Amino acid sequence: MRAASSSAQGGTVPTAGDYLTAGDGPGQWRWPLPDREVVTIGRDPGMDLCLDSDERVSRRHAQLRRSAGQWWIADLSTNGTFVNDRRLTDWWQLRDRDRIRIGGTDLTFHTGVVHTVIESPPSRHGASARVRTGRVMLIAIVAKGIELALNSVLTFVTDRLGSGRWLVSNAGVLFIAVAIALFDAFGHREPPPADTGTTADRATSPARRGTPALAALLVVLLLVGVGGYAATAGVRYAVGYASGVEAGPDRLVKPVTKNATGLTLTVQKVLYTKHFTRVELSVRNTTSSTSITMPLFENCVFSGSDGTTLRADSFKSQWTKTVPPGALQRGTITFPGHLPDRITRASLSFGHTFGSFNVDAVSIRGIALKTAG
């Protein structure tokens, strides 16, 4: 074992009085704990106390931290660090003659003023940044759930798929997760508290465990970024199918208007989405005193020149069936499926309209459609 050094000069180094020993008798090895807040122990040459001859020691195995004049120890390894034969799961405040086992190396902690000749003062190596990945992912999952729920509700309420809205909100969740991970890694970290109980109650502060910062950021980017985008795509697909609000190309060549008794109807768009045909229609009630009702269920069809007929889905349509006197109303009528791609002429028909007068049928004919592609 050896202490890390930052200069070639040795000398007698006064310490605060606390030190570690290994072995007994004349050959006992003694190392004073340096006057700093954090001391690292491990097999890596960059550790303050390097146990490079012990293969059971992790490269970064344990950390000592001084708070209010007291030394605390925490395990950073997978093999475990033991104090008085008890495996550490939290910070532990060291007492005089506590036995510390790191890998196959036994150390003893001592308090008392000593002066020891060492090669040179140990170099400063603070604790590496670590992230509590589980905590970050839990927050990200909750934020992601809220984001997906809000976007789903907005899709049903506003009749807009909002592609940009979904992508921006997903990026916002990713930003939150990365920001939390960075704060967890590099934000202000309080030292362990002073001892307030007996030996059995010393571990009162959470140990600085977790995933190294770089690995944690990669996990966040992979799971929240890539995984979050996949979840967004899946939920957006499901919501689009359930609501009928899907994006697609406009196959209408130009708007078509039909004047009927008390009504002026104009087809504004004919969108062919993945699962539906969505006809955007405006209706003006030209009467001055009569409300006109135009229901969809079993009453509205979209037909091709070859006789193919699609029936409106009133649940997935965004349509208010009653038009007040003198009002202009716009809506979208959703039809499951599509007319054949070769069809370039279609008609939209209502079997009945209801008001102070009844019309057997209102049809908008001559709707010119673009061919697919």
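These figures come from a predicted structure and were not determined experimentally.

Draft legend 1. Representation of the sheet that holds strand 17 (residues 256-260) within the structure. Spatially, the 4 strands line up as an open sheet ordered 17-18-19-24, and their pairing is antiparallel. Two strands in the sheet have a free side with no partner beyond their single neighbour: strand 17 and strand 24 (328-336). The sheet shows a mean angle of 25° between the axes of neighbouring strands, taken without regard to direction.

Draft legend 2. The confidence of the model for the protein, seen in detail. With 82% of its residues at a pLDDT of 70 or more, the protein has an overall mean of 82. Looking at the elements of the protein, mean pLDDT is at its lowest for strand 2 (residues 11-14), recorded as 38, and at its highest for strand 22 (residues 309-311), recorded as 97. Predicted confidence for residues 5-16 stays below pLDDT 50, and this span has 28 contacts to residues more than four positions away or in other chains. For residues 188-208, every residue scores under 50 in pLDDT, and the model assigns this stretch 49 contacts once sequence neighbours within four places are set aside.

Draft legend 3. Quick look at the environment of isoleucine 146. Structurally, the position occupied by isoleucine 146 is in helix 1 (residues 133-158). Once the C-alpha coordinates of isoleucine 146 and valine 173 are considered, the two residues, 27 residues apart in sequence, prove to be 9.8 Å apart.

Draft legend 4. Examining the pattern of salt bridges more closely. For the coordinates displayed, the defined rule picks out 7 salt bridges. The shortest N-O distance in the salt bridge between arginine 99 and aspartate 85 comes to 3.3 Å. Taken together, the positions of arginine 99 in strand 12 (residues 99-102) and aspartate 85 in the loop between strand 9 (81-83) and strand 10 (86-87) put the pair 14 residues apart, joining distant regions of the chain. Using a relative accessible area of 57% as the deciding quantity, one classes aspartate 85 as exposed. Across the pair aspartate 306 and arginine 342 runs a salt bridge, and its minimum N-O distance is 3.5 Å. Taken together, the positions of aspartate 306 in the loop between strand 21 (300-304) and strand 22 and arginine 342 in the loop between strand 24 and strand 25 (345-350) put the pair 36 residues apart, joining distant regions of the chain. Judged by its relative accessible area of 62%, arginine 342 falls in the exposed class.

Draft legend 5. Region of the structure containing the sheet that holds strand 25. Ordered in space as 22-21-25-26, the 4 strands form an open sheet in which the pairing is antiparallel. Sheet topology places strand 22 and strand 26 (362-368) at the edges, where each strand pairs with a single neighbour. Strand-to-strand, the axes of this sheet are offset by a mean angle of 20°, without reference to chain direction. Across 3 bridges, the pairing between strand 21 and strand 22 is antiparallel. Across the sheet, the residue bridging to serine 303 is threonine 309, located in strand 22.

Analysis parameters
- Going along each chain's sequence as written, the residues are numbered from 1 onward.
- A pLDDT threshold of at least 70 governs which residues receive local features in this predicted model, and a stricter bar of 80 or more applies before side-chain atom pairs are shown or counted, although totals over entire chains, interfaces and linings include all residues.
- The basis for the side-chain values is all heavy atoms of the structure; hydrogens and waters are excluded.
- By this definition, two strands are paired if DSSP reports at least two bridges between them.
- Strands are runs of DSSP state E lasting at least 2 residues, helices are runs of H or I lasting at least 4, and numbering of each runs from the N terminus.
- Helix axes use the C-alpha atoms of the stretch in contact, all axes being lines fitted to C-alpha atoms, and the angles between their N-to-C directions lie in the range 0 to 180 degrees.
- The pLDDT value expresses, per residue, how confident the predictor is, ranging between 0 and 100.
- Whether two residues touch is decided by their heavy atoms; if any such pair falls within 4.5 Å, the residues are in contact.
- Each salt bridge in this description consists of a side-chain nitrogen of Lys or Arg and a carboxyl oxygen of Asp or Glu lying within 4 Å of one another.
- Only protein chains enter the area calculation, which uses a 1.4 Å probe; residues under 20% of their type maximum are buried, those over 50% are exposed, and those in between are partly exposed.

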